[in-house]
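Here are the chains, one letter per residue:
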Amino acid sequence: MPFADMREFIALLEKRGELLRIKQEVHWDLEIGAWLHKAIRTKQQPALVFEKITGYPEGYTVAGMLVPNSARWALALDFPENISWTEMIAGIYERCRKPIDPVIVPTGPCKDQKHTGSHCNLLEFPVPRYIARDGGRYLGTWHCVITKDPDTGERNVGMYRLMVHDRNSLGIFICPGEHAHFHYEKWKARGEPMPVAITLGQDEVLPLHSLWSWPYGVDEFAMAGAMRTAPVELVKCETVDLEVPATAEIVVEGHMSLTERRPEGPFGEYTGHMGALIKDGPVINVSAIHPPQESDLSRSAQRPAALRVRGRRGNLTRRRDFRGLTHLWSSRHHCGLRAAQQPGGDDRHLDSQDLRRAGFGCGKFRLRARPRSDGQERDRVRC
Ligand SMILES: Cc1cc2nc3c(=O)[nH]c(=O)nc-3n(C[C@H](O)[C@H](O)[C@H](O)COP(=O)(O)O)c2cc1C
């Protein structure tokens with residue numbers, strides 16, 4: 001049976017003894033991040049709900065670590081608990097052979113309250129800054145970003161990090177090649193800002209699904225329906241022509257500007273490395289916020305369940321012309337190196353161009369370096 005929303009999932013985790021409610025006061029600035037950082041390293045990997053956050057009234061909570069491992073994925077997706085990753089992925093693809101169209105419903109819990117125009121205030125939520133080197137407070141770390149192709153009307157659901165700039169604007173980082181990026185290019189060609197809707201705190205299958213890469217043009221809500229074996233209920237947004245899951249805790253509506261750009265990042269990525277500072281990232285101007293009306297889990301935001309999972313292991317050896325390397329990372333979207341002990345004391349972050357300059361073969365997804373013939377002086381590789 002699919003879960004209607006995040007609250008149902010949290011209730012089940014609590015019943016199973018897999019959730020810790022943190023009642024002592026924690027600060028949104030770094031403290032929540034530190035708790036999550038610790039929790040991901042424990043054997044039990046409990047889900048955490050922070051109930052008292054410095055500077056915020058009672059009822060403003062933050063949840064994290066809901067799906068940090070395969071057993072919790074299996075629970076959210078209603079697969080047997082001891083299923084292997086391979087079987088689970090195969091099971092998901094099997095389900096997705098038959099997409100289930102979403103249904104539009106007249107209203108939903110996310111419609112309980114609405115703030116528009118100057119009443120929008122993203123800072124009303126206890127949005128955490130997770131680690132000291134994060135460029136700001138990150139609202140979008142485990143969420144859905146919904147956009148539409150202006151020509152075909154096809155919807156996309158993706159997960160792209162979102163940093164709070166101020167009360168009513170957000171920075172977003174969308175890698176070129178992601179579907180929302182194609183949409184943005186199309187809106188740009190029309191000379192119109194791109195309508196965007198962001199949802200937080202919904203049925204766990206939706207954020208899990210939003211990080212899935214389907215072929216361009218597939219209605220991703222239909223694939224989400226297939227994944228959760230029941231249609232996704234959608235409600236219409238009010239200031240943008242988009243639909244969002246009706247049971248989301250928080251909905252943010254806005255437009256991605258064609259002209260306004262502000263620094264965004266860096267951000268401690270889920271793979272364990274620091275994502276780049278984007279000097280002129282696009283800005284979303286918020287036109288409406290639907291906060292939840294009540295109680296227990298109101299105003300929650302989530303850190304990615306896998307706060308610090310390890311990325312793919314790379315293979316790197318030190319070269320004469322490129323000393324001082326200490327870290328390598330590689331993921332689908334990022335790869336890079338870090339060299340320690342630079343003047344100024346801080347580590348230096350290097351991107352793929354630095355790598356090429358240094359003579360390393362570097363593809364988008366893979367880093368390779370020829371081992372030294374004596375096999376000595378291997379760099380420490382942390383990825
Ligand atoms: C926790 C998490 C955070 C992510 N953050 C970003 C991000 O900030 N920017 C980005 O372009 N992709 C990010 N991704 C990857 C995309 O969500 C993923 O590629 C997804 O397939 C995009 O959807 P699309 O294929 O419909 O564009 C993230 C993935 C995860 C798991």
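Just so it is clear, the structure is predicted and the values come from calculations on it, not from any experiment.

## Some points on the overall build of the chain
- Scanning the chain from terminus to terminus reveals 8 helices and 23 strands.
- In the chain, buried positions account for 45% of the 383 residues.

## Overview of unusual backbone geometry
- The peptide bond linking Gly265 to Pro266 adopts the cis configuration, its omega dihedral lying at -10°.
- With a phi close to 80°, Leu30 is a non-glycine residue in the positive phi region.
- Inspection of the secondary structure puts Leu30 in the loop between strand E1 (19-22) and helix H2 (31-39).
- Its identity is not glycine, yet Thr229 carries a phi of approximately 60°, on the positive side.
- Of note, Thr229 is situated in the loop between helix H7 (220-228) and strand E12 (233-236).

## Some words on the nonpolar core
- Counting 83 residues, the largest nonpolar core has Leu48 and Leu170 as its most contacted members.
- A total of 6 residues in this core trace back to one element, the largest contributor, which is strand E17 (residues 278-290).

## Digging into the pairing of strand E7 (residues 143-148)
- Burial within E7 is extensive, with 6 of its 6 residues counted as buried.
- Residue alternation in E7 divides its side chains into two sets, His143, Val145 and Thr147 and Cys144, Ile146 and Lys148, and both sets are buried.
- As defined by bridge partners, E7 adjoins strand E11 (residues 194-200) across 4 bridges and the pair is classed as antiparallel. Considered in E11, the bridge of Val145 is made with Ile198.
- Here E7 pairs with strand E8 (residues 155-158) via 4 bridges, running antiparallel. Its bridge partner being in E8, Lys148 is matched across the sheet by Arg155.
- What sits between E7 and E8 in their antiparallel hairpin is a turn of 6 residues, with Gly153 showing a positive phi close to 80°.

## Some words on the site of the ligand
- Residues in close proximity to the ligand total 17 residues, the closest being Gly158, Met159, Arg161, Cys175 and His179.
- Sorting the residues of the shell around the ligand by element identifies E8 and helix H5 (179-190) as the ones contributing at least two each.
- Residues of the shell around the ligand, tallied by class, amount to 10 nonpolar, 5 polar and 2 charged.

## Here's the deal with helix H3 (residues 70-77)
- Of all the 8 residues making up H3, 6 are buried; the element is thus mostly covered by neighbouring parts of the structure.
- Within the sequence span of H3, burial applies to Arg72, Trp73, Ala74, Leu75, Ala76 and Leu77.
- Positive backbone phi, approximately 60°, marks Asp78, located one or two places after H3.

Calculation notes
Residues numbered from 1 in each chain as written. Predicted model: local features only at pLDDT ≥ 70, side-chain atom pairs only at ≥ 80, totals over all residues. Helix = DSSP H or I, 4+ residues; strand = E, 2+ residues; numbered from the N terminus. Buried ≥ 20, exposed ≤ 12 C-beta atoms within 10 Å, placed from the backbone. Core = buried A, V, L, I, M, F, W, Y, C linked by C-beta atoms within 7 Å. Pairing = 2+ DSSP bridges. Near = placed C-beta within 6 Å. Nonpolar A, V, L, I, M, F, W, Y, C, P; charged D, E, K, R; others polar.

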